[in-house]
Amino acid sequence: MPLQFDTDVQFVKGVGPKLGDVLRRRGIDRVRDLLEYYPRTYEDRRAIRHIQSLVPDQLVSITAKILKVRSIPMGKSKRRIWEVLVGDATGRIACKYFRVPYRGYFERFQPMQEVRVVGRVTVYRGAKEFHHPDIHPLTQDDENENALIPIYTEIEGMTSAKIARLIRAVVSEPVPEILPAWIREKHGLMPLEKALREVHNPPVDQGDLFLNFQAAAQRRLIFDEFFLVELRLAQKRAGIEKEKSPPIVSKGEWAKRLRTSLEFELTGAQSRAYQEIVEDLSKPHPMHRLVQGDVGSDKTLVALMAAAFAAEAQVQTALMVPTEILAEQHYQNSKRRLEPLGVKVAFLTSQVKGKERERILEGLKSGAIHLAIGTHALIQDDVEFRNLGLVIVDEQHRFGVEQRNKLKQKGMSPHFLVMTATPIPRTLAMTVYGDLDVSIIDEMPKGRQPVVTRKTFQSKRAQVMGFIREHLAKGRQAYIVYPLIEESESMDLKNALEEYEKIKIDFAEFNVGLLHGRMKPREKDDTMEAFRRGEIQVLVSTTVIEVGVDVPNANIMLIEHAERFGLSQLHQLRGRVGRGAYKSYCILMLGFALSEEAARRAEIMEQTTDGFKISEADLEMRGPGEFLGTRQSGLPGFKIANLVRDVRLLQEAREAAFALIAKDPDIGAPDHLALKQRFNDLIKTWVG
């Protein structure tokens, strides 16, 4: 009996119940999932190299002998680097692993064993190396030197060659076509069945195309992945446009008065974003807009103008932020700017209790309070609004989809504004936020100076501390940020509590404060307020100060163990300085165990202060799932598509998806049945 596309994977030749369980743990449940376990690269056997001839950044295949296998401790921690040293007649090269691919991986190798090594050549401290290459013992299959061999990510001890054998057992089975003919013809796409066969068994003469993910088979499969995501966004967008929401009708006088009360002029980007919001608020269906502002671009001011516009029409606004410190800062800022205009502002977090909480709840229910600012406390069941018409979520990637929806349900189809100070590349915004309109605030307020960023190492610590002391003596302030609060047995990293005691001694003539996430909210607020007032000159902190804290007199940010932070996090931390009139500096102190990727992050930080360029680099290095958090964003993990490499195909797939939903909103036409089944299957696996 032939296998079907949805047959359980354990019935594939060579699998069985035990191996079936292993595959299912990796998300491979059916024949279709096995066919969609795409090669991550290809080994071009026509291009066998010798060690002496290797060139950096080349993806190569070599045959060699195992010379030595060892694990190297990293400083005082329990973490280790594994190294497999291999050699041929022309030289030797180290294969390094910063994590164990799977249990027993290194125990497979014996001295003088012949192996094939496939990987990208890199250079570390002047020596050529492989990082996480594929190594497997030579077999009879390896004798075929004139072939393009698919390389699969290994699964719990299953080699790439074994996975290839399982896929060969099913690759000839019939595959239902999901794309209608008019889309395939318009975009020049080959049939799905042919694409799946070729991607697993590529023609030898297309080696360069397959290695660069430009082959027609890959193009078809990449298009499909993007198309299915965009189809969902097109459906959501169509649903939003059908939804009814009362337009907010206001003369905008309160917002104008706010604008004229400022001691500075709005940037062109801020003005554009505000106008786009006002136009949306006047429509009879709910606004769904994303405002992206780089660190320090003051996107919050645009949100306050929108809240003033709504308040003038007696419509309430809820502003939800991820942390109490940030909520407090927004509240103080909003109260100072909005209450003179007649906008009543309230602050609600889990710390607001008793009569004060009762007073706020009553004010929201009666409509006396125009703007409520708070954390997730705003979505608690006893919080009721009289006329919630505008919902603003700041740093929205910190909240799950369910939390955002719960706040939205507090009103009758309220207008929805999402804000983020984490610039998101346009390509990612098209997939995660494709159902939202996007406003970009990419101009800095006048007077903002770019922050000078430099990387350094522990050996230069005395000079760095001397540099900080010089600036403190001139009346400036400094942040010193650590990745941990307390010492960790598993990681050889400096921590905030221990270093705070040392820094108090080093800077005995200055006031040193400590801030971390385990402190009580009141302690955090008091410490931060003392730093704002200049009573504390050096603030030792964890990343609790990453978002939103504004101290114009602070001009130095020292990030200890900068190799432990991601690019976006480093950029956010750097954004805490450079907010005043003084030249500002961000110093990246790098630790002993520096990976190639961490070194690259430090270089990027030195080269640019543009958050949008940094986010593009971050997306390229980490991939979309890690960049935003797949579960929170609702973004599926792509199996073959790449948002940076395949942007043109993404645009084509988006156009096709929106065109199909315009023709067939429910995907119910007879020639769309296979597509609808595939789409519905995927919807069940996606979050949100």
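Residues numbered from 1 in each chain as written. Predicted model: local features only at pLDDT ≥ 70, side-chain atom pairs only at ≥ 80, totals over all residues. Heavy atoms only, no water.

Engineer: Help me understand the overall build of the protein in this model?
Structural biologist: Each helix and strand in the protein was counted, giving 24 helices and 21 strands. Across the 688 residues that make up the protein, the buried fraction comes to 55%. Put simply, 75% of the contacts in the protein that link residues at least 6 apart link residues at least 24 apart. Accessible area of the protein: about 31,100 Å², with a carbon and sulfur share of 50%. (Helix = DSSP H or I, 4+ residues; strand = E, 2+ residues; numbered from the N terminus. Buried < 20%, exposed > 50% of the residue type's maximum accessible area, 1.4 Å probe, protein only. Contact = heavy atoms within 4.5 Å. Areas by Shrake-Rupley, 256 points an atom, 1.4 Å probe, with all protein chains shown as cover.)

Engineer: Would you mind going over the sheet that holds strand S9 (residues 288-293) with me for this structure?
Structural biologist: One key point about sheets: their strands pair by backbone hydrogen bonds, in either a parallel or an antiparallel sense. Judged by pairing direction, the sheet is parallel, and its seven strands sit side by side in the order S11-S12-S10-S13-S14-S9-S15 without closing on themselves. Both outer strands of the open sheet, strand S11 (345-348) and strand S15 (437-441), are each paired with one neighbouring strand and no more. Strand-to-strand, the axes of this sheet are offset by a mean angle of 20°, without reference to chain direction. Inspection of the sheet shows S11 paired to strand S12 (residues 371-374) by four bridges, in the parallel sense. Residue alanine 346 lies in a different strand from S12, and its bridge partner there is alanine 372. Against the sheet, helix H9 (residues 268-281) engages S9, strand S13 (388-394), strand S14 (415-420) and S15, with an angle of about 155° to S15. Against the sheet, helix H12 (residues 354-366) touches strand S10 (316-320), S11 and S12, its axis set at about 130° to S11. (Pairing = 2+ DSSP bridges. Axes fitted to C-alpha atoms, helices over the stretch in contact; angles between N-to-C directions.)

Engineer: Teacher, can you tell me more about the pattern of salt bridges here?
Structural biologist: Under the criterion given, the structure shown has 35 salt bridges. Residue arginine 70 pairs with glutamate 83 through a salt bridge whose shortest N-O separation is 3.0 Å. Here arginine 70, found in strand S2 (residues 59-73), pairs with glutamate 83, found in strand S3 (residues 80-88); they are 13 residues apart in sequence, far enough to count as distant. Arginine 601 is paired through a salt bridge with glutamate 597; the nearest N and O atoms lie 3.2 Å apart. Taken together, the residues arginine 601 and glutamate 597, both in helix H19 (residues 596-607) and four residues apart, mark about one turn of the helix. Within the structure, one salt-bridge network assembled from shared partners comprises Glu276, Asp280, Lys283 and Arg289. (Salt bridge = Lys/Arg side-chain N within 4 Å of Asp/Glu carboxyl O.)

Engineer: Looking at this model, I keep getting lost on the environment of histidine 561. Mind explaining?
Structural biologist: Looking at where histidine 561 falls in the secondary structure, it is placed in the loop between strand S20 (554-560) and helix H18 (567-574). Taking C-alpha positions, histidine 561 is 9.4 Å from glutamine 458, a pair spaced 103 residues apart along the chain.

Engineer: Hey, could you run me through the sheet that holds strand S21 (residues 585-590) in this one?
Structural biologist: What the six strands build is an open sheet, ordered S16-S21-S20-S17-S19-S18; its pairing is parallel. The sheet terminates laterally at strand S16 (452-457) and strand S18 (512-515), the two strands that pair on one side only. Taking the axes of each pair of neighbouring strands and ignoring which way they run, one obtains an average angle of 20° across the sheet. Of the strand pairs in this sheet, strand S17 (residues 477-481) and S20 are connected by five bridges, and their pairing is parallel. Within the sheet, the bridge partner assigned to glutamine 477 lies in S20 and is alanine 554.

Engineer: Help me understand the side chain of arginine 220 in this model?
Structural biologist: Counting through the fold element by element, arginine 220 comes out in helix H7 (residues 216-242). Ignoring anything within four residues of it in the chain, the contact list for arginine 220 reads Glu177, Ile178, Leu179, Arg184, Leu189, Met190, Pro191, Leu192 and Ala195.

Engineer: What's the story with helix H15 (residues 461-473) in this structure? I'm lost.
Structural biologist: An α-helical turn contains 3.6 residues, so a residue and the one three or four places further along point in the same direction. The end-to-end C-alpha separation of H15 is 18 Å, in line with the 18 Å expected for 13 residues at 1.5 Å each. Every buried residue belonging to H15 is among Arg461, Val464, Met465, Ile468, His471 and Leu472, and all of these are buried. Buried residues of H15, seen end-on, are gathered within an arc of 120° and therefore sit on one face of the element. Exposed residues lying more than 90 degrees from the buried face of H15 are Ala462 and Ala473. Contacts made by the buried residues of H15 are with S16, S17, helix H16 (496-506), strand S19 (538-541), S20 and S21. Positive phi appears at glycine 475, one or two residues downstream of H15, with a value of about 100°. (Expected span 1.5 Å × (residues − 1). Arc of directions from axis to C-beta.)

Engineer: Just checking my understanding: could you explain the packing of helix H10 (residues 299-312) against helix H11 (residues 324-338) for this structure?
Structural biologist: At their nearest, the axes of H10 and H11 sit 11 Å apart, and the two run at 50° to each other. Relative to H11, the element H10 is oriented oblique. Here the hand of the crossing between H10 and H11 comes out right-handed. In this structure, H10 contributes Thr300, Leu301, Leu304 and Ala308 to the contact, and H11 contributes His330, Asn333, Ser334, Arg337 and Leu338. Tallied by class, residues from the contact of H10 with H11 come to four nonpolar, four polar and one charged. (Parallel < 35°, antiparallel > 145°, perpendicular 65-115°, else oblique. Left-handed = near helix turned anticlockwise from the far one by under 90°. Nonpolar A, V, L, I, M, F, W, Y, C, P; charged D, E, K, R; others polar.)

Engineer: Before we go on, may I ask you to explain the pairing of S12 in this structure?
Structural biologist: In summary, the side chains of a regular strand alternate between the two faces of the sheet. Here S12 shows two buried faces, one formed by Leu371 and Ile373 and the other by Ala372 and Gly374. Of the pairings in the sheet, the one linking S10 to S12 comprises four bridges and is parallel in character. Residue pairing for S12: methionine 320 is matched across the bridge by glycine 374. With respect to chirality, the unit in which S11 leads through H12 into the neighbouring parallel S12 is right-handed. (Right-handed = clockwise from strand over helix to strand, strands pointing away.)

Engineer: Just to check I follow, could you spell out the confidence of the model for the protein for this structure?
Structural biologist: Parts of the model with low pLDDT should not have their predicted coordinates read in detail. Overall, the prediction assigns the protein a mean pLDDT of 84, with 89% of residues at 70 or greater. Across residues 630-634 the pLDDT falls below 50, and counting only partners more than four positions away or on other chains, this stretch makes 15 contacts in the model. (pLDDT = per-residue confidence, 0-100.)

Engineer: What exactly am I supposed to notice about the nonpolar core here?
Structural biologist: Proteins that are soluble and globular tend to have nonpolar side chains buried together. Phe223, Phe226, Phe227 and Leu231 are the most contacted members of the largest nonpolar core, which totals 67 residues. Of all the secondary structure elements, the ones that give two or more residues to this core are helix H1 (16-25), helix H2 (31-35), helix H3 (160-168), helix H5 (192-200), H7, helix H14 (426-432), helix H23 (647-663) and helix H24 (673-685). Top element by residues in this core is H7. It accounts for eleven residues. Those residues within four positions of phenylalanine 226 in sequence are excluded, and the remaining contacts are Phe638, Ala641, Asn642, Leu643, Asp646, Leu649, Leu650 and Ala653. Judged by nonpolar contacts, the second largest core, of 65 residues, contains Leu301, Ala308, Ala318 and Leu417. (Core = buried A, V, L, I, M, F, W, Y, C linked by side-chain atoms within 4.5 Å.)

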